[in-house]
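# A look at the structure
Single-letter residue listing:
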Amino acid sequence: MTKSNNPIGVFDSGVGGLSVLRSICEQMPNEDVIYFGDQGHVPYGPRSMKQIQDFSEGITRFLLEQNAKIIVVACNTASAAALKYLRETFTEMQFVGMEPAVKPAAEKTQTGKVGVLATPATFQGALYASVVERFGAGVELFQHTCPGLVSQIELGELDTPKTRAILEDALLPMLEKNIDTVVLGCTHYPFVIPLVEQIVGENVRVIDPAPSVAKQVKRLLEAGGLLNSSGVKSRIQIYTSGDVKVVESVLPKLLNEAALVKSATWKNDREIL
Ligand code: DGL
C-alpha cells in the first residue's frame with residue numbers, strides 16, 4: 001500500500017530534473033525524494049523514441065521497487081517519448097510529466113512571438129504537437145534544439161564561453177524576430193537562466209516550468225492524502241547510472257540541499273540491477 005511517508009520518485013536523463021527537485025524541496029520540505037539520473041545514457045534528446053521509452057520503463061520499475069508514492073518524469077524528452085505509455089502500463093501509479101510551457105507563454109506574450117528551447121525528441125513528439133495545437137494559435141513559435149547544451153550542463157559548465165556560444169546561436173536569431181518570451185522546454189536549461197537572461201535582456205520573459213510542476217505534485221499528493229506529515233526534514237537520495245564522483249562534483253552548483261549519491265547499473269536497456 002502506498003504510504004504518505006514513502007518517497008517521491010523523480011527521474012531525468014541526467015542532472016536536469018534537479019531543477020524540478022529544487023522546486024519540490026522548496027514547496028514540500030518534508031518529502032523524501034529518490035532521484036534517478038540516467039547519466040549512462042545522457043543525452044536522451046537525439047535518441048529514438050523507442051529507446052527513451054525503454055529507459056523510462058526501466059527507471060519506473062526501479063523507482064517502484066524503492067516504494068515511490070508518485071513518479072515525476074522531470075524530463076521533457078522522456079515525457080514526450082514515454083509518459084502516455086507509462087500511464088497505460090503502470091495503471092496504479094500516478095505520474096506527473098513535463099510539456100513545453102507554450103500555454104503560459106501564449107497568454108503572456110505581447111509581440112506574439114515566442115522562442116522555445118527543447119531537444120530534438122521533444123519537438124518530434126506528439127505531446128509538443130498537441131501543446132502547439134491547443135495553445136499556440138495566433139502565436140509564432142521559433143524553435144531551437146541547442147546542440148551540446150545538455151552535455152555542458154552535465155559538466156557543470158553553466159557560464160563558460162562554449163555554453164554562451166550555444167545559447168547565443170539559439171537566441172540571437174530569435175531576438176531578431178522580436179520574441180518577448182522564451183520557454184525552457186528541457187529541464188536542464190533552468191540552470192543557465194542567468195546566462196539566458198544576460199543574452200536576451202530584461203525585456204524578454206524566461207519561463208521555467210519547474211515551480212508549476214512541483215505545485216501539481218503537491219496538489220495530487222494532497223488530494224490522495226499522501227503528503228508526508230511526519231515533520232521530519234526531507235532526505236534526498238540520488239542514483240546515477242553514470243559516474244558517482246562526477247555527479248557529486250557538479251551537485252553543489254545545482255542544488256542547495258544535501259544529497260547522498262549512489263550508483264545504479266543497467267543490466268540491459270529495460271532493467272536496472
Ligand atoms: N532534461 C531533459 C529534458 O527535459 C533531457 C535532455 C537530454 O537528455 O537530451 O528534455
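The structure presented is a predicted model; accordingly, all values stated were derived computationally and were not measured.

In spatial order, the strands read β4-β3-β1-β2-β9-β10; together these six strands make up an open sheet with parallel pairing. Of all strands in the sheet, those with a lone pairing partner are β4 (95-96) and β10 (260-263), marking the two edges. Bridge count for strand β2 (residues 33-37) against strand β9 (residues 236-240) is five bridges, and the pairing is parallel. Residue pairing across strands places Gly 37 opposite Thr 240, the latter belonging to β9. Together, β1 (8-12), β2, β3 (70-73) and β9 form the strand contacts of helix α1 (residues 18-27), whose direction differs from that of β2 by roughly 170°.

The full set close to the ligand counts 14 residues, and Ser 13, Tyr 44, Asn 76, Thr 77 and His 188 are the nearest of them. Asp 12 is positioned such that a nitrogen or oxygen atom in its side chain is 2.9 Å from a nitrogen atom of the ligand. With respect to the ligand, the side chain of Thr 77 contributes an N or O atom lying 2.6 Å from an oxygen atom. Relative to its free-state accessible area of 300 Å², the ligand is covered by the protein chains to the extent of 99%.

Turning our eyes to something else, we now look at the pattern of salt bridges. Tallied over the full model, the rule gives eleven salt bridges. Residue Glu 140 pairs with Lys 113 through a salt bridge whose shortest N-O separation is 2.9 Å. Of this pair, Glu 140 sits in strand β6 (residues 140-144) while Lys 113 sits in strand β5 (residues 113-117), and the two are 27 residues apart along the sequence. A single network of salt bridges, built from pairs that share partners, joins Lys 50, Asp 54, Glu 57, Arg 61 and Arg 270.

What follows concerns the nonpolar core. Formed by 56 residues in total, the largest nonpolar core has its most connected members in Leu 18, Leu 117 and Leu 171. Ile 59, Phe 62, Ala 82 and Leu 86 belong to the second largest nonpolar core, which has 26 residues in total.

With respect to the helices, strands and loops of the structure, Leu 149 is situated in helix α7 (residues 149-154). Classification of Leu 149 by relative accessible area gives buried; the value is 0%. The spatial distance from the C-alpha of Leu 149 to the C-alpha of Ala 126 is 23 Å, given a sequence separation of 23 residues. The residues contacting Leu 149, other than those within four sequence positions of it, are Thr 163, Ile 166, Leu 167 and Tyr 189.

Conventions used here
Residues numbered from 1 in each chain as written. Predicted model: local features only at pLDDT ≥ 70, side-chain atom pairs only at ≥ 80, totals over all residues. Heavy atoms only, no water. Pairing = 2+ DSSP bridges. Helix = DSSP H or I, 4+ residues; strand = E, 2+ residues; numbered from the N terminus. Contact = heavy atoms within 4.5 Å. Axes fitted to C-alpha atoms, helices over the stretch in contact; angles between N-to-C directions. Near = heavy atom within 4 Å. Polar contact = N/O pair within 3.5 Å; in protein donor to acceptor, adjacent residues only side chain to side chain. Areas by Shrake-Rupley, 256 points an atom, 1.4 Å probe, with all protein chains shown as cover. Salt bridge = Lys/Arg side-chain N within 4 Å of Asp/Glu carboxyl O. Core = buried A, V, L, I, M, F, W, Y, C linked by side-chain atoms within 4.5 Å. Buried < 20%, exposed > 50% of the residue type's maximum accessible area, 1.4 Å probe, protein only.

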